Amino acid sequence: MQDILVVNGEVIWQGDDIFVTEGEDAIDQQAYLRATCDLGESIFYDGYGSKLFEYLGKPDTQTNKALIEAECMEVLKKTEGISNIESVAFEWVEIDGEKKPSLKAKYCYENTNKKVETVFKFAV
């Protein structure tokens, strides 16, 4: 799998060419981009994206936390190259004096037993 490298919402260039990421890094990036794109936002793929930001705008309750974790679990299930999702844990973390949403996920890449633990941080 290959994908255009995006960092902080910006496409990365290598000289006159768009920088391409591949393999496990591309898989992780696709999971993050799918999670941060609003469901239905893509004009090409109406099922691409998530309802994550809809839930992040609601009060910080256990019910809403469960909805966020369930939505992120669905995002990971839909991401090509990810299998065996072990856990998803949402929390608010303090960064530079501000509370920011953070998601920890544990999963394996397809056709491997390699367990991955990644953290997705979202700007809201």
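Residues numbered from 1 in each chain as written. Predicted model: local features only at pLDDT ≥ 70, side-chain atom pairs only at ≥ 80, totals over all residues. Heavy atoms only, no water.

## A short note on the pairing of strand β9 (residues 115–121)
Okay, so step 1: Of the two faces of β9, only the one carrying Val116, Thr118 and Phe120 is buried; Lys115, Glu117, Val119 and Lys121 on the other face are not.
Okay, so step 2: Bridging between strand β8 (residues 98–109) and β9 involves seven bridges; their strand directions are antiparallel. Each residue of the ladder has a partner; that of Tyr107, found in β9, is Val116. (Buried < 20%, exposed > 50% of the residue type's maximum accessible area, 1.4 Å probe, protein only. Helix = DSSP H or I, 4+ residues; strand = E, 2+ residues; numbered from the N terminus. Pairing = 2+ DSSP bridges.)

## Some remarks on the pairing of β8
Okay, so step 1: Inspection of the sheet shows strand β7 (residues 82–95) paired to β8 by 11 bridges, in the antiparallel sense. Within β8, the position partnered with Trp92 by the bridge is Pro101.
Okay, so step 2: Hairpin geometry of β7 and β8 is characterised by an intervening segment of two residues between the two adjacent antiparallel strands and by a positive phi of about 50 degrees at Asp96.
Okay, so step 3: Between β8 and β9, which pair antiparallel in sequence order, lie five residues; one of them, Asn111, sits at a positive phi of approximately 65 degrees.

## Remarks on the sheet that holds β7
Okay, so step 1: With antiparallel pairing, the three strands of this open sheet are ordered in space as β7-β8-β9. Since the sheet does not close on itself, it has two edges, and those belong to β7 and β9, each with one partner. The average undirected angle you get between the axes of adjacent strands in this sheet is 20 degrees.
Okay, so step 2: Running at roughly 140 degrees to β7, helix α3 (residues 62–78) makes contact with β7, β8 and β9 of the sheet. (Axes fitted to C-alpha atoms, helices over the stretch in contact; angles between N-to-C directions. Contact = heavy atoms within 4.5 Å.)

## Notes on the pattern of salt bridges
Okay, so step 1: The tally for this structure, following the rule as stated, stands at six salt bridges.
Okay, so step 2: A salt bridge links Lys114 to Glu24, with the shortest nitrogen-to-oxygen separation between them at 2.9 Å. One end of the pair, Lys114, is in the loop between β8 and β9; the other, Glu24, is in helix α1 (residues 24–36), and 90 residues separate them in sequence.
Okay, so step 3: Residue class for Lys114 comes out partly exposed when judged on its relative accessible area of 45%. (Salt bridge = Lys/Arg side-chain N within 4 Å of Asp/Glu carboxyl O.)

## Section: the packing of aromatic side chains
Okay, so step 1: Counted by the stated rule, this structure contains three aromatic pairs.
Okay, so step 2: Measuring from centroid to centroid gives 5.9 Å for Tyr32 and Phe120, while their planes differ by 40 degrees, and the two rings are tilted. One end of the pair, Tyr32, is in helix α1; the other, Phe120, is in strand β9, and 88 residues separate them in sequence.
Okay, so step 3: The class of Tyr32 is partly exposed, set by a relative accessible area of 30%. (Phe/Tyr/Trp six-rings, centres within 6.5 Å; stacked < 30°, edge-to-face > 60°.)

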